[in-house]
Amino acid sequence: MEETNEWKRFALSGKVEDYLRYKSVCENASESKEKSDAGLRASDGDGNQGNSCR
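Residues numbered from 1 in each chain as written. Predicted model: local features only at pLDDT ≥ 70, side-chain atom pairs only at ≥ 80, totals over all residues. Heavy atoms only, no water.

Enquirer: How would you sum up the pattern of salt bridges? Please name residues and give values.
Expert: One pass over the full model with this rule turns up two salt bridges. Where Arg-21 meets Asp-18, a salt bridge forms, and the shortest distance between an N and an O atom there is 3.2 Å. Placement of both Arg-21 and Asp-18 in helix α2 (residues 16–36) is noted, with a separation of three residues, approximately one turn of the helix. Since its relative accessible area comes to 7%, Asp-18 is described here as buried. (Salt bridge = Lys/Arg side-chain N within 4 Å of Asp/Glu carboxyl O. Helix = DSSP H or I, 4+ residues; strand = E, 2+ residues; numbered from the N terminus. Buried < 20%, exposed > 50% of the residue type's maximum accessible area, 1.4 Å probe, protein only.)

Enquirer: Break down the side chain of Glu-6 for me, citing the residues and quoting the values.
Expert: If you trace the backbone, Glu-6 turns up in helix α1 (residues 2–13). A polar atom in the side chain of Glu-6 sits 3.3 Å from the side chain of Arg-9. With residues near it in sequence (within four places) discarded, Glu-6 still touches Arg-21, Tyr-22 and Val-25. (Polar contact = N/O pair within 3.5 Å; in protein donor to acceptor, adjacent residues only side chain to side chain. Contact = heavy atoms within 4.5 Å.)

Enquirer: Which residues make up a nonpolar patch on the surface, and what values go with them?
Expert: On the surface, Trp-7, Val-16, Tyr-19 and Leu-20 cluster together into a nonpolar patch covering about 400 Å² of accessible area. Here the nonpolar patch gets three residues from one element, more than from any other, and that element is α2. With respect to the helices and strands, the residue Leu-20 is situated in helix α2. Among the residues examined, Leu-20 registers a relative accessible area of 51% and is labelled exposed. (Patch = residues over 30% accessible without salt bridge, like charges linked within 9 Å, V, L, I, M, F, W, Y side chains within 5 Å. Areas by Shrake-Rupley, 256 points an atom, 1.4 Å probe, with all protein chains shown as cover.)

If you want it as structure tokens, here you go:
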């Protein structure tokens, strides 16, 4: 949601500072998502694994 607000601010003003603020918000959101997904894999306890030990 904050990304959308920052993008609108940039779109209206066209200022480099507003674009950099938008990019900063996007990067922070991306880092937060990566941290919350840490250690998770698509194959954990989920079906057949071709190269797993049996």
